[in-house]
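Notes for the structure review
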Amino acid sequence: MASIIDLVGNTPLVEIKKLNPNPNVRLYAKLEGDNPGGSVKDRPALNMIRSALERGDIKAGTKLIEATSGNTGIALAMIARLYDLEIELVMPSTSTRERTLTMEAFGAKVTLLDSIEICRDYAEEKAAKGDAYILNQFANPDNYKAHYKTTGPEIWRDTDQGITHFVSSMGTTGTIMGCSRYFKEVNPSIQIIGCQPTEESSIPGIRRWPKEYLPKIFEPERVDRVMDVSQEEATLMTRQLAKVEGIFAGMSSGGAASAAIRLAKEIDKGVIVFITCDRGDRYLSSNLFG
Amino acid sequence: MDVSQEEATLMTRQLAKVEGIFAGMSSGGAASAAIRLAKEIDKGVIVFITCDRGDRHLGSNLFG
């Protein structure tokens, strides 16, 4: 019988028909909000915890600490409790109230600080002192390996080996690093496209990282092309996804959708898959939906 | 079976904290009734419905 943990992954792939501008292109969204914790982050959270337990790096009763912009925290909070681990989550104070409440509902301690960079420093200092174990999603290979083992193969299977372009927003870059490794193995011609916010834009969950904070797992040569997406463009497309396609997702999903639709106009034919990272519910207290 | 608001609230919180199931208050009510029932019967297979996700209830004081 399935437990919550067994429900992570195997998310649906749905065809985007109305917003697809090119009849010779097939456009698909991978609905990662359908994971039990509500986002793509269930995959790395589960793989990081399970692998650390298997290696003996942590055991029941260990206290974890993690800097997160939200979704990873919710996933870790959900999964940590099921493995009897304590957890403290450190988030930027701009994180929505519902995120904090969700993490606390799963029994996590939540600390709010000024920016994600400060959160990362705080978590690393506390871990360095030996007060807690840091999974460090930004540097942990088990983050991208989750996508190498599951997300990539699922997309390959569900497109009947037909995917030509993969579009993903970049935060920790775990999704794109893992999927890129898998896709280039099965078909090196698959194009890997990463999305990042334009200079002035703020899109929760994804960053235009300053050099010194670039995630350690990020290897630029694994991304064929980077597309910049503005906050306004991502916001409008997030609303369109809900209104036109019935897909209620967060802003980074709108960003990836927007890049995928721009790409669909450029190419003659192909099969584009983009990732919708989470559900819109998490953003109702922001002004994303009005 | 009658379920009080308090009982449903507490069980909704337990579902999230202990089982990792983040659901709404009516789900907590059904869970609570199912668990009372489990104490009453000698043996059996009980299925209860969790109606929706906890996200929808974050604007209330269900989760504090």
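Notes on the structure follow. (Residues numbered from 1 in each chain as written. Chains lettered and ligands numbered in written order. Predicted model: local features only at pLDDT ≥ 70, side-chain atom pairs only at ≥ 80, totals over all residues.)

1. A few points about the overall build of chain B
Tallying secondary structure elements over chain B gives 2 helices and 0 strands in all. Relative to the compact-globule value of 11 Å for 64 residues, chain B shows a C-alpha radius of gyration of 12 Å, a close match. Counting all 64 residues of chain B, 34% fall into the buried class. Residue pairs at least 24 apart in sequence account for 49% of intrachain contacts in chain B once pairs closer than 6 positions are excluded. (Helix = DSSP H or I, 4+ residues; strand = E, 2+ residues; numbered from the N terminus. Rg over C-alpha atoms; globule rule 2.2 N^0.38 Å. Buried ≥ 20, exposed ≤ 12 C-beta atoms within 10 Å, placed from the backbone. Contact = placed C-beta atoms within 7 Å.)

2. Looking at the interface of chain A and chain B
At the interface, 14 residues of chain A touch 13 residues of chain B. Elements with a contribution of two residues or more to the side of chain A that touches chain B: α2 (71–82) and α3 (97–105) of chain A. Broken down by element, the residue count for the side of chain A that touches chain B peaks at 5 residues, all from α3(A).

3. With respect to the packing of helix α5 (residues 141–158) of chain A against helix α6 (residues 174–186) of chain A
Residue and element names in this part refer to chain A. Interaxial distance between α5 and α6 falls to 7 Å at its minimum, and their mutual angle equals 55 degrees. It follows from the interaxial angle that α5 and α6 lie oblique. Both α5 and α6 take part in a crossing whose hand is right-handed. In contact with Asn-143, Tyr-144, Lys-145, Ala-146, His-147, Tyr-148, Thr-151, Gly-152, Pro-153 and Trp-156 of α5, α6 contributes Gly-174, Thr-175, Met-177, Gly-178, Cys-179, Arg-181, Tyr-182, Phe-183 and Val-186. Taken together, the residues that form the contact of α5 with α6 break down as 10 nonpolar, 7 polar and 2 charged. (Axes fitted to C-alpha atoms, helices over the stretch in contact; angles between N-to-C directions. Parallel < 35°, antiparallel > 145°, perpendicular 65-115°, else oblique. Left-handed = near helix turned anticlockwise from the far one by under 90°. Nonpolar A, V, L, I, M, F, W, Y, C, P; charged D, E, K, R; others polar.)

4. What to know about the sheet that holds strand β2 (residues 25–31) of chain A
What holds strands together in a sheet is hydrogen bonding between their backbones, with the strands either parallel or antiparallel. Residues and elements named next belong to chain A. Here 6 strands make up an open sheet; going across it, the order is β1-β2-β10-β7-β8-β9 and the pairing mixed. Every other strand in the sheet has two partners, leaving β1 (13–15) and β9 (225–229) as the edge strands with one partner each. On average, each strand axis in the sheet is inclined to that of its neighbour by 25 degrees, with strand direction left out of account. Across 3 bridges, β1 lies against β2 in antiparallel orientation. (Pairing = 2+ DSSP bridges.)

5. Some thoughts on the environment of A:Trp209
All names here are of chain A. With respect to the helices and strands, the residue Trp-209 is situated in the loop between β8 (191–197) and β9. Accessibility expressed as a C-beta count within 10 Å gives 18 for Trp-209, which makes it partly exposed. Through-space distance from the C-alpha of Trp-209 to that of Gln-196 is 9.0 Å; in sequence the pair is 13 residues apart.

6. A short note on helix α2 (residues 25–40) of chain B
Residue and element names in this part refer to chain B. Here α2 contains 16 residues, and its C-alpha end-to-end distance of 23 Å stays within 8% of the 22 Å for a straight helix at 1.5 Å per residue. Buried residues of α2: Met-25, Ser-27, Gly-28, Gly-29, Ala-30, Ala-31 and Ser-32, and no others. On its buried side, α2 packs onto α1 (5–19). (Expected span 1.5 Å × (residues − 1).)

7. Comments concerning the sheet that holds strand β6 (residues 133–134) of chain A
Residue and element names in this part refer to chain A. What the 4 strands build is an open sheet, ordered β5-β4-β3-β6; its pairing is parallel. Two strands in the sheet have a free side with no partner beyond their single neighbour: β5 (109–113) and β6. In terms of strand pairing, strand β3 (residues 63–67) meets β6 through 2 bridges, oriented parallel. Across the sheet, residue Ile-65 finds its bridge partner in β6, namely Ile-134.

8. Examining helix α7 (residues 231–245) of chain A
All names here are of chain A. Across its 15 residues, α7 extends 20 Å between first and last C-alpha, which sits within 8% of the 21 Å expected from 1.5 Å per residue. Of all the residues in α7, the buried ones are Glu-233, Ala-234, Thr-235, Met-237, Thr-238 and Leu-241. In the core, the buried residues of α7 are packed alongside β9 and α8 (251–266). Following α7 by one or two positions, Gly-246 adopts a phi angle in the positive range, close to 70 degrees.

9. Remarks on unusual backbone geometry
All names here are of chain A. The phi dihedral of Asp-84 falls on the positive side, at around 60 degrees, and the residue is not glycine. For Asp-84, the position within the fold is in the loop between α2 and β4 (86–92). For Asp-84, a count of 10 C-beta atoms within 10 Å translates into the label exposed. Positive phi is not limited to glycine here, since Gln-161 has a value of about 60 degrees. Relative to the elements of secondary structure, Gln-161 occurs in the loop between α5 and β7 (165–169).

10. Describing the pairing of β7(A)
Residue and element names in this part refer to chain A. Here β7 lies mainly inside the structure; 5 of its 5 residues are buried. Bridging between β7 and β8 involves 5 bridges; their strand directions are parallel. In the strand pairing of β8, Ser-169 is matched with Cys-195. What joins β7 to β8 is α6, and the crossover it makes is right-handed. Pairing of β7 with strand β10 (residues 270–276) involves 3 bridges; the strand directions are parallel. Bridging across to β10, His-165 finds its partner in Ile-272. (Right-handed = clockwise from strand over helix to strand, strands pointing away.)

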